[in-house]
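# Descriptive analysis of the structure
One letter stands for each residue in the lines below.
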Amino acid sequence: MKRVQQLRHGQAMHWVGDGFPVRTFFSYAEPLPFSPFLLLDYAAPNTFAKGTKPRGVGPHPHRGFATVTLALQGEIAHRDSAGHGGTIGPGDVQWMTAARGVVHEELHSDRFTSDGGVLEMVQLWVNLPARAKMTPPSYQDLRADAIPTVALPGEAGSARVVAGTLLGATGPARTVTPVELWDVTLRAGRPTVLPFRQGHTTLLLVTRGEVVVAGEDVVPANALAVLDRFGTKLVLQAKGGDARVLVLGGEPIDEPVVGHGPFVMNTWPEIRQAVDDFQSGRMGRLE
Ligand code: MN
């Protein structure tokens, strides 16, 4: 049974561009055991007034990993130099594998901008193994209706399986190395046992309510729990009211991580190459 090894409350809120007020729970700048994950930003619910110009982040590059964006509330529009684009709304997930490089922008959608409302989102960076870092970029637009929902044992709630397999349901996300991403809603007071892959990094981001792990370890809202990698049982229970928790799992990638801004590679020469390729326009341009 997995126990909580570390509880994190995230850094002070900061703005990503002018659209996303996030807390960063971890990043590749810290030598911590989150592999294959490189960064986790969470924008808790925030109300935006009606506007005319979409807020967000203008054109910027990525190389060497995938950015995974979950829209929990509100709408986010994406456009990249590989010709991919789309708008994601509540329950939708965008899995953008930058690999050898893209330039993209991430903005509030036109509709959200003009209507205003509550925005809540998560962005997760998932590393790629060295063999896949220089492959062509790809884009997966994972709509809420394509993400299977499974009932949890003990009538404890439900889980939306975005990536990996849970209780017979397999998520639609195609990943290079094994990754689990489950969006779990827990009903108060009902414990449930979820099977987990042995040896996988295991993280919980509680976005609503309070969750008890293994019957003892309390994880409050707006906190990230780092659990044991060993063990094959994840025992969760919502305390007080219902809870929502993102469960992240993955096979660690045992390779050097060298990151600089939006580039994460294995060596410094590869980082210098990435900067040069971006500046020379070899990661493409946004038309
Ligand atoms: Mn980006």
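How each quantity is defined
- Residues numbered from 1 in each chain as written.
- Predicted model: local features only at pLDDT ≥ 70, side-chain atom pairs only at ≥ 80, totals over all residues.
- Heavy atoms only, no water.
- Salt bridge = Lys/Arg side-chain N within 4 Å of Asp/Glu carboxyl O.
- Helix = DSSP H or I, 4+ residues; strand = E, 2+ residues; numbered from the N terminus.
- Expected span 1.5 Å × (residues − 1).
- Buried < 20%, exposed > 50% of the residue type's maximum accessible area, 1.4 Å probe, protein only.
- Arc of directions from axis to C-beta.
- Contact = heavy atoms within 4.5 Å.

### Looking at the pattern of salt bridges
Summed over all chains, the structure comprises 13 salt bridges. With a shortest N-O distance of 2.9 Å, Arg3 and Asp217 are connected by a salt bridge. One end of the pair, Arg3, is in the segment before strand S1 (4-8); the other, Asp217, is in strand S20 (residues 217-219), and 214 residues separate them in sequence. Members of the salt-bridge network, linked through shared partners, are Arg63, Asp276, Asp277 and Arg282.

### Describing unusual backbone geometry
Here the bond from Ser35 into Pro36 is cis, since omega is 15°, no more than 30 degrees from zero. Mapped onto the fold, Pro36 is located in the loop between strand S3 (20-27) and strand S4 (37-48). Positive phi, close to 45°, is recorded for Glu155, a residue that is not glycine. Mapped onto the elements, Glu155 comes out in the loop between strand S13 (149-151) and strand S14 (157-163). At Ala214, a position not held by glycine, the phi torsion is positive, near 55°.

### Quick look at helix H2 (residues 268-279)
The first and last C-alpha atoms of H2 sit 17 Å apart over twelve residues, in line with the 16 Å expected at 1.5 Å per residue. All of the buried residues in H2 are Ile271, Ala274 and Asp277. Looking straight down H2, one finds that the buried residues subtend no more than 125° of arc, so they occupy a single side. Exposed and oriented more than 90 degrees from the buried face of H2 are Pro269, Arg272 and Gln279. Of the surrounding secondary structure, the elements contacted by the buried residues of H2 are strand S23 (258-260) and strand S24 (263-265). Of the residues flanking the end of H2, it is Gly281, one or two places downstream, whose phi is positive at about 85°.

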